[in-house]
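# Descriptive analysis of the structure
In case you want the letters, here they are:
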Amino acid sequence: MSFDPDTITPDDTLILEEVYNEFGQFSASKLVRMTHEETPWLNTKRNCVIDKELIKKYFKENYVE
C-alpha cells in the first residue's frame, strides 16, 4: 500500500500537528508504556484488537478540547 500525501486534508493536518505537539516529545518505548496504562488497552482482552470506538471515546474525553 502506498501513501499519497495529497489525500491529507487541512483538517487532517491540524489533527496531525496537535498529535505531534502533544506526543512528539516521547520516545517509542514511553508511548508504549503510556498506551498500556490507558482505558482502551486495559478494557480489551489480551491479544485482541482494541475497538476504534473505545479509542475515539478515550481521546475525545481526555485530549480533545
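Refer to the preceding data block for the structure.
Residues numbered from 1 in each chain as written. Predicted model: local features only at pLDDT ≥ 70, side-chain atom pairs only at ≥ 80, totals over all residues. Heavy atoms only, no water.

## A short note on the layout of surface pockets
Keep this limit in mind: In this analysis a 1.4 Å probe is tested at points of a 1 Å grid over the protein atoms alone, and where it fits but cannot get out there is a cavity; an open set with protein on both sides within 12 Å along at least five of seven lines is a pocket; lining residues have an atom within 4 Å of a point. Grid points are joined across faces, edges and corners, and a volume is the space filled by probe spheres set on the points. Helix and strand labels come from DSSP, where a helix needs a run of H or I of at least four residues and a strand needs a run of E of at least two; each type is numbered from the N terminus. Just so you know the grouping, Ala, Val, Leu, Ile, Met, Phe, Trp, Tyr, Cys and Pro go in nonpolar, Asp, Glu, Lys and Arg go in charged, and all remaining residues, Gly too, go in polar.
Here the largest pocket defines a volume of roughly 390 Å³. Looking at the lining of the largest pocket, the element that brings in the most residues is helix α1 (residues 10–23), giving 6 residues. Across the lining of the largest pocket, the residue classes break down as 6 nonpolar, 1 polar and 3 charged. As a volume, the second largest pocket reaches approximately 190 Å³. Taken together, F23, L31, M34, T35, E38, P40, W41, I50, I55 and F59 form the lining of the second largest pocket.

## As for the packing of aromatic side chains
Selection rule: In this analysis, rings of Phe, Tyr and Trp, with Trp reduced to its six-membered ring, are considered paired at centre separations within 6.5 Å, and the interplanar angle assigns stacked below 30 degrees, edge-to-face beyond 60, and tilted for intermediate values. Burial classes follow relative accessibility: with a 1.4 Å probe on protein chains only, a residue under 20% of its type's maximum area counts as buried, one over 50% as exposed, and anything between as partly exposed.
Considering all chains together, one arrives at 5 aromatic pairs under this definition. Note on F23 and Y63: the rings are 5.2 Å apart at their centroids and 65° apart in plane angle, and the pair reads as edge-to-face. Placement of the pair is F23 in helix α1 and Y63 in the segment after α4 (52–62), with a sequence separation of 40 residues. For F23, a relative accessible area of 17% gives the class buried. When the centroid spacing of 5.2 Å and the interplanar angle of 85° are considered together, the rings of Y58 and F59 count as edge-to-face. Taking relative accessible area as the criterion, Y58 reaches 14% and is therefore assigned buried. Members of the aromatic cluster, connected to one another through ring pairs, are F23, Y58, F59 and Y63.

## Considerations on the pattern of salt bridges
Selection rule: For this analysis, a salt bridge means a side-chain nitrogen from Lys or Arg found within 4 Å of a carboxyl oxygen belonging to Asp or Glu.
Counted under the stated rule, the structure contains 1 salt bridge. A salt bridge links K57 to E61, with the shortest nitrogen-to-oxygen separation between them at 3.9 Å. With a gap of 4 residues between them, K57 and E61 both fall in helix α4, about one helical turn apart. Of the two residues, K57 and E61, both sit in the exposed class.

## A few points about a nonpolar patch on the surface
So the rule is basically this: Only residues whose relative accessible area exceeds 30% and that take part in no salt bridge are eligible for patches, with like-charged residues grouped when within 9 Å of each other and nonpolar side chains (Val, Leu, Ile, Met, Phe, Trp, Tyr) grouped when within 5 Å. Throughout, the Shrake-Rupley method with a 1.4 Å probe supplies accessible areas, and for residues the shown protein chains are the sole cover considered.
On the surface, F3, I8 and L16 cluster together into a nonpolar patch covering about 310 Å² of accessible area. Among the structural elements, F3 can be located in the segment before α1. We classify F3 as exposed; its relative accessible area is 61%.

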